Structures are given as structure tokens and as C-alpha cells.
Amino acid sequence: MAAARHLRLVGAPSLSLDSDELARDYERISATRQFQAGQKLAADLAIQPGERVLDLGCGTGLLAEHVADLVGPTGEVVGIDPLPLRIELAHSKRRDNLRFEVGDAYDLDDLANGTFDVVIMNAVFHWLPEKTKPLLECARLLRPGGRIGISTMLKGHRTHVHQIASKVLAEPPFNQFPRPRAQLAFPVDAEEMRAFFGMTGFVPSRIEVLETTRTWPSAEAVIRYSEASTFGNFLGHLPPELKNRAHIAIRQRVQCLMTADGIVDHGRRLVAMAHRH
Ligand SMILES: C[S@@+](CC[C@H](N)C(=O)[O-])C[C@H]1O[C@@H](n2cnc3c(N)ncnc32)[C@H](O)[C@@H]1O
């Protein structure tokens, strides 16, 4: 897949801030809750043996590996992600029916029309600044009746930890370096999701807001995950010395949320499923 030919959309998160350390942190920390959300999405999509599945924005490939076991030897899973370091880690997941490529949701031309039964996007949709092109591509790649499952950040909702981080970054000296755009991600709400499905040839079967609870062992773990899951964009707009100071300032305030059970952060996410006309 020719990722290099793809031009990043204006406002899209940077792909050049990722590092070996962030990729490894993501692999380790996402193996709990993020992976479980993906497994649930795969179960809800009722993925069957023999099906061909596209894991779009597959990260380090944990979910794709799980789905490869669901589709079995007569099925196939293709994992696509624009971050080469994440795809490098994904390649360590070996199955005869599983392959990974560096690629982008805005440039899937190398994949043939109507060749997938399912597209799964776990924690990816909110990274896409423009939604119709990737959804139209998914519709093109799916056979008629093929399914799409999306689990994503919910618009208008920010976890307690995100609110703390935004507050710190709005204070001096960090506010001298505002993010290039107001928000880090591009979440949608349920109505917008329904409209996007309608515009791109999908019939929604379920669009639901789910309550989530995430428990962290330490403030440091929260921040490391925020860095890893945003592939370095969380504090990546700051010069190195301020980045370190911001990390410490956010950690100190997040530490105040510590309970006997750890840092408990309540959240909400959007789960959306549809099939192609
Ligand atoms: C939070 S990670 C989720 C990874 C994986 N789906 C999982 O469940 O662990 C978000 C992923 O979205 C990917 N992503 C960002 N922009 C993308 C794009 N334009 N096309 C495809 N994937 C993208 C990132 O590279 C990153 O690996």
C-alpha cells in the first residue's frame, strides 16, 4: 500500500511524532480495555469463520490477530495503519490468514471492490478529520450486505483526565503554544454518525452511547497512555522542555484523583454498526 502518495488532510494529527517507545507503550497498555472494546465490537459484528475482514487503523494488530482466530483458516484479515512503527509490531502477530500493511483510510485504492465481508474500526474514527471519504471507501470495499463496526470517541464528552489536561495546557507557559487546532480529535455524536452512514451507502443497525470506566494504577500510566494512543500528539505541539513540564504538571493534578482502587475515570463512547446497501 503506497502510504507515501497520500497527502495528509489539513488539521489531521501528525504521524511523525510516533516513536518505538510510544508504539511499545500502546501495545502494552491497549492490551486491556482498548482490546476488550475491540473484542466486544468483533463479537457484536458476529464475525463468522470464512469471512474476510479489514481492520482499518489496526495499530499494533492485537485486535486483527484476535479476528484472524475468529475467521479461521478459510477466512482472512487485512490490517492497515499509517504508522510504520505500529505495523512493525503488528508483523510479530503471525497467522497464515493475517497480513498487515502501512496504509491510510483516505487511500485504499490498492484494495479491490466488494472483497470484504466486514470492516472494523476500533478507536480510529475520531482520528479522521473528514468522514465521508473513508466511509465511501469502506462501502466500496464491502460486498453488498457487508458490515461495518465502529467504536469511537463521543463528541461533546471529555473524560475527567482530558479535562485536567486541557486546563493545564490552557495555562501559562503552555498556552504560548496552542495546538494547531482547537481539538486533538474529531469525534461525532450519534446523530452525525447516522447522517454519515446515510450519505455513504450504509444502513445503520445500531448506534449507541456506552458508559465506560477506566481504572489506572498511577497518574504516570494515564499520561503514558494519552501519549501512546495519540501517537505523540497529546503534548507533541510543545517544545521538548515544556513538554516535560506539562507532563509533570498534568501528572500532579491527575494524582489528586487517586482512590484506593486507583485512578478511576468515567467516560462514554459511541458504538455504531451498519451494513452496506
Ligand atoms: C487508538 S489507536 C487504535 C488502534 C487499534 N485499532 C486498536 O484497537 O488498538 C488509533 C489508530 O488510528 C490510526 N489512524 C490515524 N489516522 C488514520 C488514518 N487516516 N487511516 C487509518 N488509520 C489511522 C493510528 O495510526 C492509530 O494506530
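Residues numbered from 1 in each chain as written. Predicted model: local features only at pLDDT ≥ 70, side-chain atom pairs only at ≥ 80, totals over all residues. Heavy atoms only, no water.

Identification of the protein as Methyltransferase domain-containing protein from Enhydrobacter aerosaccus is taken from an unreviewed UniProt entry.

Peer 1: Got a minute to help me understand the overall build of the protein in this structure?
Peer 2: A count of helices and strands for the protein gives 9 helices and 8 strands. For a compact globule of 277 residues, the expected C-alpha radius of gyration is about 19 Å, and the protein comes in at 19 Å, within 12% of that figure. Once the C-alpha set of the protein is aligned to its principal axes, its extents read approximately 55 × 40 × 35 Å. Burial analysis of the protein (277 residues in total) assigns 52% to the buried set. In the protein, 82% of the contacts between residues at least 6 apart in sequence involve partners at least 24 apart. Just so you have it, the protein exposes about 12,400 Å², and 55% of that area is on carbon and sulfur atoms. (Helix = DSSP H or I, 4+ residues; strand = E, 2+ residues; numbered from the N terminus. Rg over C-alpha atoms; globule rule 2.2 N^0.38 Å. Buried < 20%, exposed > 50% of the residue type's maximum accessible area, 1.4 Å probe, protein only. Contact = heavy atoms within 4.5 Å. Areas by Shrake-Rupley, 256 points an atom, 1.4 Å probe, with all protein chains shown as cover.)

Peer 1: Is there a simple way to explain helix α1 (residues 20-29) in this structure?
Peer 2: Along an α-helix, residues three or four apart share an orientation, since each turn contains 3.6 residues. Buried within α1 are the following residues: L22, A23, D25, Y26 and I29. What you see down the axis of α1 is that its buried residues fit within an arc of 160°, all on one side. (Arc of directions from axis to C-beta.)

Peer 1: Would you mind showing me how to read the pattern of salt bridges here?
Peer 2: Two side chains that carry opposite charge are able to pair once their charged atoms sit near each other. Overall, the coordinates contain 22 salt bridges when judged by the stated rule. Measuring nitrogen to oxygen at the nearest pair gives 3.1 Å for the salt bridge that ties R224 to D25. Taken together, the residues R224 in helix α8 (residues 219-229) and D25 in helix α1 connect sequence positions 199 residues apart. A relative accessible area of 27% places R224 in the partly exposed class. With a shortest N-O distance of 2.7 Å, E192 and K155 are connected by a salt bridge. Here E192 is found in helix α7 (residues 190-199), whereas its partner K155 is found in the loop between β5 (142-153) and α6 (160-169), with 37 residues between them in sequence. Since its relative accessible area comes to 26%, E192 is described here as partly exposed. K155 sits in the partly exposed class, given a relative accessible area of 39%. One salt-bridge network, held together by shared partners, links E21, D25, R28, E220, R224 and R251. (Salt bridge = Lys/Arg side-chain N within 4 Å of Asp/Glu carboxyl O.)

Peer 1: Even after reading the chapter, I still don't get the site of the ligand, so can you show me in this structure?
Peer 2: The local shell around the ligand holds 19 residues, among which Y26, G57, D81, A105 and N122 are the closest. Within the backbone of G57, a nitrogen or oxygen atom sits 2.7 Å from a nitrogen atom of the ligand. A distance of 2.6 Å is found between an oxygen atom of the ligand and a side-chain nitrogen or oxygen belonging to D81. The fraction of the free accessible surface of the ligand (600 Å²) that becomes covered by protein chains is 97%. The residue makeup of the shell around the ligand, split by class, is 11 nonpolar, 5 polar and 3 charged. (Near = heavy atom within 4 Å. Polar contact = N/O pair within 3.5 Å; in protein donor to acceptor, adjacent residues only side chain to side chain. Nonpolar A, V, L, I, M, F, W, Y, C, P; charged D, E, K, R; others polar.)

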